[in-house]
Amino acid sequence: AQSVTQLDSHVSVSEGTPVLLRCNYSSSYSPSLFWYVQHPNKGLQLLLKYTSAATLVKGINGFEAEFKKSETSFHLTKPSAHMSDAAEYFCVVTIPLNTGFQKLVFGTGTRLLVSP
Amino acid sequence: GAVVSQHPSRVICKSGTSVKIECRSLDFQATTMFWYRQFPKQSLMLMATSNEGSKATYEQGVEKDKFLINHASLTLSTLTVTSAHPEDSSFYICSARVGVLAGGVFYEQYFGPGTRLTVT
């Protein structure tokens, strides 16, 4: 069955330092993978997505993620954290349905804390 | 990107009453919308898939008689929590999918800002 595991419930960094949010997936198919960000009391915003094209995916706000099939990982990185990056981040994998569409399966989330 | 709105953003109701939450796609038409539930500090769990003009498809374990979903138009889906109890208190998030069936290609989902329901 398709699933994602976010290895860290909380990650704390200082402003200006690199960010690494880890995600491992399990999938019987070639997966589509996403990272979403959720700011407090706000809707989820798509950061980036992998859909079997380039393995290094660039997203918004300077984030990027690399799909590594050998490691079944899709870690999210950013070279330099900003205070505004403090939020909850969700790694998401898709489950194909017999309708031809896909269903999103969310990881448990990683809360990113950024200190001055 | 496409915008999805939810109303109300927060609602407090008494136990035993019903609450309706609206989800609207503001600048696009969505044949399919999704309703998720998020408990504090937990992930989003899909409750049901709402298709315009047909009955919603509920996930296993979700009571269809308690969580009534109506997708009456291509821009509006509603979730009604009937006879609410304190354990129904949660953050409810809707999402709208843009696209059509095309060989299994995934079409992006846009999420609403959520509705925080508190049942006293």
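Residues numbered from 1 in each chain as written. Chains lettered and ligands numbered in written order. Predicted model: local features only at pLDDT ≥ 70, side-chain atom pairs only at ≥ 80, totals over all residues. Heavy atoms only, no water.

Turning our attention to the packing of aromatic side chains. This model, assessed by the stated rule, comprises 14 aromatic pairs over all chains. Judged by centre distance (5.2 Å) and plane angle (75°), the ring pair of Tyr-36 of chain A and Phe-111 of chain B falls under edge-to-face. You can see Tyr-36 of chain A sitting in strand 5 (residues 33-38) and its partner Phe-111 of chain B sitting in strand 10 (residues 109-111), one on each of two chains. A residue is classified by how much of its surface remains accessible, and Tyr-36 of chain A, at 1% relative accessible area, is buried. Phe-111 of chain B sits in the buried class, given a relative accessible area of 7%. (Phe/Tyr/Trp six-rings, centres within 6.5 Å; stacked < 30°, edge-to-face > 60°. Helix = DSSP H or I, 4+ residues; strand = E, 2+ residues; numbered from the N terminus. Buried < 20%, exposed > 50% of the residue type's maximum accessible area, 1.4 Å probe, protein only.)

Time to look at the state of the cysteines. A disulfide bridge is the covalent bond that connects two cysteines by way of their sulfur atoms. For the coordinates displayed, the defined rule picks out two disulfides over all chains. Through a disulfide, Cys-23 of chain A is tied to Cys-91 of chain A; the S-S separation comes to 2.0 Å. Every disulfide takes its handedness from the sign of the S-S torsion; for Cys-23 of chain A and Cys-91 of chain A that torsion is -70°, giving left-handed. Of the two residues, Cys-23 of chain A is situated in strand 4 (residues 23-26) and Cys-91 of chain A in strand 10 (residues 87-96); the sequence distance between them amounts to 68 residues. The pair Cys-23 of chain A / Cys-91 of chain A is uniform in exposure class, with both members buried. A sulfur-sulfur distance of 2.0 Å marks the disulfide that ties Cys-23 of chain B to Cys-94 of chain B. In this structure, the disulfide formed by Cys-23 of chain B and Cys-94 of chain B twists by about 80° around the S-S bond and is classed as right-handed. Of this pair, Cys-23 of chain B sits in strand 3 (residues 19-25) while Cys-94 of chain B sits in strand 9 (residues 90-97), and the two are 71 residues apart along the sequence. As far as burial versus exposure is concerned, Cys-23 of chain B and Cys-94 of chain B are alike and both buried. No disulfide involves Cys-13 of chain B; its sulfur sits 18 Å from the nearest other cysteine sulfur, which is in Cys-94 of chain B. Classification of Cys-13 of chain B as buried rests on a relative accessible area of 8%. (Disulfide = S-S within 2.5 Å.)

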